[in-house]
Amino acid sequence: ETTLEGKKPVIQGLGVGLATGVTMIHLEDLSLDPVGKASCLMEVKSAVQMTSVTQKNLDLTGYLKLYYDNVAESSVSEFLFDGIYAQKMANSGGDFIDFRQANNHGTMTIQNSTFFDGARSFLRLDKGSFIRISVTNNTFASFAVAEDGNNKGTLYVRAAITDGFIYTNNLFLNETGSKA
């Protein structure tokens, strides 16, 4: 829990591998730094059927990816990324929120967050489907601007979205380069 002085508990080296049998995960009110031990905060390791993935009020430094799913037959009903402060993320070789397989998911909400200095692409959805995606009230500064030949831009969405993609009240600062 955050102290009255605004300090969060610090965990170094955390990388969560999601595997069959995990039904939900909730990380809240933490300061996280992989210190070279983890490239991804959360990575699907084997097919999961989850009700929710929640990341709330997190301070992140140095991760390559926030969430990575490249495993077939996974499904998550609800993703919530709220109050994330991500800085100094790896600038190449990592798409920040990254889905590569033809999986069917529910809703994804990314809100009230600041993303600063890093990532190759912000949101990459290669295949599959989502019911709804909402990206609101966020600040992006020097994010998703890597010029490494693989940058797909801030939003690279090829997945089907059946009930709407909401993208409002976001602020972009220092977004440079051909894919910004």
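Our structure is the block above this text.
So, here's what we can say about the structure. (Residues numbered from 1 in each chain as written. Predicted model: local features only at pLDDT ≥ 70, side-chain atom pairs only at ≥ 80, totals over all residues. Heavy atoms only, no water.)

1. With respect to unusual backbone geometry
- Positive phi, normally seen in glycine, also occurs at Glu73, with a value near 70°.
- Relative to the assigned elements, Glu73 resides in the loop between β6 (65-69) and β7 (75-82).
- Within the chain, Asn169 stands out as a residue other than glycine whose phi angle is a positive 55°.
- As for its placement among the helices and strands, Asn169 is situated in the loop between β18 (165-168) and β19 (171-173). (Helix = DSSP H or I, 4+ residues; strand = E, 2+ residues; numbered from the N terminus.)

2. What about the packing of aromatic side chains?
- Here the structure, examined in full by the defined rule, presents 14 aromatic pairs.
- A centroid spacing of 5.4 Å and a plane angle of 80° characterise the contact between Phe79 and Phe99, whose relative ring orientation is edge-to-face. Here Phe79, found in strand β7, pairs with Phe99, found in strand β9 (residues 95-99); they are 20 residues apart in sequence, far enough to count as distant. You'll find Phe79 and Phe99 in the same group, each marked buried.
- For the pair Phe96 and Phe115, a centre-to-centre distance of 5.7 Å together with 75° between the ring planes defines the contact as edge-to-face. (Phe/Tyr/Trp six-rings, centres within 6.5 Å; stacked < 30°, edge-to-face > 60°. Buried < 20%, exposed > 50% of the residue type's maximum accessible area, 1.4 Å probe, protein only.)

3. Structural notes on the side chain of His105
- Within the secondary structure layout, His105 lies in the loop between β9 and β10 (107-111).
- A relative accessible area of 6% places His105 in the buried class.
- Polar contacts involving the side chain of His105 include one to the main-chain amide nitrogen of Val76, which spans 3.0 Å.
- Setting aside anything within four residues of it in sequence, one finds His105 in contact with Asp69, Ser74, Ser75, Val76, Phe79, Phe99, Ser129, Phe130 and Ile131. (Polar contact = N/O pair within 3.5 Å; in protein donor to acceptor, adjacent residues only side chain to side chain. Contact = heavy atoms within 4.5 Å.)

4. Let's talk about the environment of Phe140
- Within the element layout of this structure, Phe140 appears in strand β15 (residues 139-143).
- By relative accessible area, which is 1% here, Phe140 ends up buried.
- In the structure, Phe140 is positioned 114 residues away from His26 in sequence and 24 Å away in space, judged by C-alpha atoms.
- Residues contacting Phe140, with those up to four places away along its chain left out, are Phe115, Phe122, Val135, Tyr167, Asn170, Leu171, Phe172, Leu173 and Glu175.

5. Some words on the pairing of β6
- In terms of residue burial, β6 counts as a mostly covered element, since five of its five residues are buried.
- As judged from the three bridges shared by β6 and β9, these two strands associate in the parallel manner. Bridging from a neighbouring strand, Asp69 pairs with Phe99 of β9. (Pairing = 2+ DSSP bridges.)

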